[in-house]
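Breakdown of the fold
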Amino acid sequence: MFSGDKKAWPIYLTIGNISKDVRRRVSAHAMILIGYLPVSKLECFHKKTRSVTGYRLFHYAMSLLLRPLVDAGRKGRAMVCADGFVRRIHPILAAYVADFPEQCLVGCNKESHCPRCLVKTKNCGDLDECACRSTVDTLKTLRRMRRNKRSSKFDKEGLHEVFEPFWKDLPFTDIFACITPDILHQLHKGIFHDHLVQWCLSMLGEKEMDTRFQAVT
């Protein structure tokens, strides 16, 4: 938040070989701010197109921020390591930490679908195995939709009309494998509250459940 009603979406970058207890300590400065994404109401667009336009704006801005990773990932960069030696490294996008709505934004899919796999909406939460999303197949489906304007696979996979996702040129990156679990919504609320707590309530009943919680010191 800035002065007045101005807002921006900060994007931070870190590297994977930093210990978690160091990386998450603000004073350690183990993360760097690489840019801000615009937060716009997009009132100049029709209401029906604002949502997909917001998706496209996000991916365009992210592609500008991460453009240096494309060439660096393919050709490498000489960098000074922690031991003082200079080595050629190939930085790649390995993990994307975000909440569930942003995961869907990154994966170009609707929030009624899983951003990592192709499970049907009505089967979300079931233990059945299903195929993972593929960056190659997803890009092919988006290109086919762009050419033909109609695609049964596009609708089945619950995709948005984002034809230029920011991750399409990133080397050695599987964006769907990069998405990490959303601890608040998917672990605490999803697994614990929506599943475990509800199962316990159905077995014990609300009165017995409250009694047992009250007995905990």
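Overview of the structure. The model shown is predicted, which means the values in this text are computed figures rather than measured ones.

Here the focus is the overall build of the protein chain. Within the protein chain one finds nine helices and four strands. Helices and strands appear in the protein chain in the N-to-C order β-α-β-α-α-β-β-α-α-α-α-α-α. Per-residue burial over the protein chain gives 29% buried out of 217 residues. When contacts within the protein chain are restricted to residue pairs at least 6 apart in sequence, long-range pairs at least 24 apart make up 52% of them. Only carbon and sulfur atoms are counted for the fraction: they give 58% of the accessible area of the protein chain, which is about 15400 Å².

Here we take up the packing of aromatic side chains. Scanning the entire structure with this criterion turns up four aromatic pairs. Arranged with centres 6.1 Å apart and planes meeting at 85°, the rings of Phe58 and Phe166 form a pair that is edge-to-face. Here the residue Phe58 occupies a position in helix α2 (residues 47–65), and Phe166 occupies one in the loop between α6 (152–156) and α7 (175–178), the gap between them amounting to 108 residues. Ring centres of Tyr96 and Phe166 lie 6.2 Å apart, and the angle between their planes is 40°; on these two criteria the pair is classed as tilted. Taken together, the residues span a long stretch of sequence, with Tyr96 in the loop between β4 (86–89) and α4 (100–107) and Phe166 in the loop between α6 and α7 at a distance of 70 residues. Taking relative accessible area as the criterion, Phe166 reaches 4% and is therefore assigned buried. Ring pairing ties together the aromatic residues Trp9, Phe58, Tyr96 and Phe166, which thus form one cluster.

Glancing now at the state of the cysteines. The tally for this structure, following the rule as stated, stands at zero disulfides. With no disulfide of its own, Cys108 has Cys104 as its nearest cysteine by sulfur position, at a separation of 10 Å. Overall, Cys108 belongs to the buried group, its relative accessible area being 0%.

Turning next to the pairing of β4. Of the pairings in the sheet, the one linking strand β3 (residues 77–80) to β4 comprises four bridges and is antiparallel in character. Looking at β4, one finds that Met79 is bridged to Arg87. Taken together, β3 and the strand that follows it, β4, pair antiparallel across an intervening segment of five residues, in which Gly84 is found at a positive phi of about 90°.

A grouping of Ile183, Leu187, Ile191, Phe192, Leu196, Trp199, Met203 and Leu204 is seen on the molecular surface, where their side chains present a nonpolar patch of about 810 Å² in accessible area. Residue Ile191 is classed as partly exposed on the basis of its relative accessible area, which comes to 45%.

Right, let's get into the pattern of salt bridges. For the structure shown, the criterion picks out nine salt bridges. The closest approach of N and O atoms between Lys75 and Asp71, which form a salt bridge, is 3.5 Å. Remark: Asp71 and Lys75 occur in helix α3 (residues 67–75); sequence separation between them is four residues, near one turn of the helix. Judged by relative accessible area, which is 57%, Lys75 ranks as exposed. Note that Asp83 and Arg87 form a salt bridge whose closest N and O atoms lie 2.9 Å from each other. Judged by relative accessible area, which is 45%, Asp83 ranks as partly exposed. Overlapping salt bridges, with partners in common, bring together Arg146, Glu164, Lys168 and Asp169 in one network.

What counts as what
Residues numbered from 1 in each chain as written. Predicted model: local features only at pLDDT ≥ 70, side-chain atom pairs only at ≥ 80, totals over all residues. Heavy atoms only, no water. Helix = DSSP H or I, 4+ residues; strand = E, 2+ residues; numbered from the N terminus. Buried < 20%, exposed > 50% of the residue type's maximum accessible area, 1.4 Å probe, protein only. Contact = heavy atoms within 4.5 Å. Areas by Shrake-Rupley, 256 points an atom, 1.4 Å probe, with all protein chains shown as cover. Phe/Tyr/Trp six-rings, centres within 6.5 Å; stacked < 30°, edge-to-face > 60°. Disulfide = S-S within 2.5 Å. Pairing = 2+ DSSP bridges. Patch = residues over 30% accessible without salt bridge, like charges linked within 9 Å, V, L, I, M, F, W, Y side chains within 5 Å. Salt bridge = Lys/Arg side-chain N within 4 Å of Asp/Glu carboxyl O.

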